[in-house]
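Chain by chain, the residues:
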Amino acid sequence: MKRRDAVRTLAVAPLAAAFRWTPESVREASARAREALARGTTYEPKQFTAHEWETVRVLVDLIIPKDERSGSATEAGVPEFMDFMLGDDPDLQTPVRGGLAWLDHECDDRYGKTFVTCTARERGAVLDAIAWPAKAKPEHAAGVAFFNRFRDLTASGFFSSRMGVQDLRYVGNSFVSEWKGCPPEALAKLGVTY
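Note that the coordinates shown come from a computational prediction; the quantities given were computed from them, not determined experimentally.

Conventions and cut-offs
Residues numbered from 1 in each chain as written. Predicted model: local features only at pLDDT ≥ 70, side-chain atom pairs only at ≥ 80, totals over all residues. Heavy atoms only, no water. Core = buried A, V, L, I, M, F, W, Y, C linked by side-chain atoms within 4.5 Å. Buried < 20%, exposed > 50% of the residue type's maximum accessible area, 1.4 Å probe, protein only. Helix = DSSP H or I, 4+ residues; strand = E, 2+ residues; numbered from the N terminus. Contact = heavy atoms within 4.5 Å. Axes fitted to C-alpha atoms, helices over the stretch in contact; angles between N-to-C directions. Parallel < 35°, antiparallel > 145°, perpendicular 65-115°, else oblique. Nonpolar A, V, L, I, M, F, W, Y, C, P; charged D, E, K, R; others polar. Left-handed = near helix turned anticlockwise from the far one by under 90°.

Trainee: What is the right way to read the nonpolar core from this model?
Mentor: Nonpolar side chains in soluble globular proteins generally cluster together in the buried interior. Within the largest apolar cluster, 37 residues are counted, with the highest numbers of intra-cluster contacts made by Phe48, Leu59, Met82, Leu103 and Phe150. Listing elements by their share of this core, those giving two or more residues are helix 4 (50–63), helix 5 (78–88), helix 6 (93–111), helix 7 (120–131) and helix 8 (141–159). The greatest single-element share of this core, amounting to 8 residues, is contributed by helix 8. In contact with Phe150, other than residues within four places in its own chain, are Val56, Leu59, Val60, Ile63, Met82, Val96 and Leu100.

So this is what it looks like as structure tokens:
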């Protein structure tokens, strides 16, 4: 899966519908993740077991990998963000941790391994079965529900991070010393004039 594909998928739905969390909790979790990364020490998760933490770190980087434009989800602090969000919203605990267990169970059924120990091809096959809800088999409904939520949480963590905002190339809220109005080509495209 490519980051641009994930972003395009999310762009289809309004952002308010895509992310189920309040702006306040996202801001707080993002700030805490930045603090954890800034300390430069190994982060000790409070909501995930060691195995779940390893799985989260692998999975978020499959959803948003490092590319020529920016770093990966782990480099942006997404796992730390998720750990804070699970602590802030106890209703996330069961679906996220249960989904991680579902992922391991599915990999064990298919390959006799956990998700983390599967090869890249094996991981891709499992994720392809749950990442596209319209194509998913009914027996993968639990995996689809988990992956949808996990992908949204990953995108929310990444795009609320400093790295994610830079990836979007957002330049709003910046001072413009002299506003000359909307550029002529934009006015022409909209079919309006001053």
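Next comes the rest of the account.
Trainee: Help me understand the packing of helix 7 against helix 8 in this model?
Mentor: Each pair of packed helices can be summarised by the angle the axes make with each other and by the distance between the axes. Helix 8 packs onto helix 7 with a crossing angle of 95° between their chain directions and a minimal axis gap of 8 Å. If you check the angle between helix 7 and helix 8, you find them roughly perpendicular. Here Leu127, Ile130 and Ala131 of helix 7 lie close against helix 8, whose contacting residues are Gly143, Val144, Phe147 and Arg151. A class-by-class count of the residues in the contact of helix 7 with helix 8 yields 5 nonpolar, 1 polar and 1 charged.

Trainee: What exactly am I supposed to notice about helix 5 here?
Mentor: An α-helical turn contains 3.6 residues, so a residue and the one three or four places further along point in the same direction. Where burial is concerned, most of helix 5 is hidden: 9 out of the 11 residues are buried. Within helix 5, the full set of buried residues consists of Val78, Pro79, Glu80, Phe81, Met82, Asp83, Phe84, Met85 and Leu86.

Trainee: Explain the packing of helix 5 against helix 8 to me, please; I cannot follow it from the model alone.
Mentor: At their nearest, the axes of helix 5 and helix 8 sit 9 Å apart, and the two run at 115° to each other. In terms of orientation, helix 5 and helix 8 fall into the roughly perpendicular class. As for the relative orientation of helix 5 and helix 8, their crossing is right-handed in sense. Contacts between helix 5 and helix 8 involve Val78, Phe81, Met82, Met85 and Leu86 from the former and Phe150, Leu153, Thr154, Ser156, Gly157 and Phe158 from the latter. Of the residues in the contact of helix 5 with helix 8, the class split is 8 nonpolar, 3 polar and no charged.

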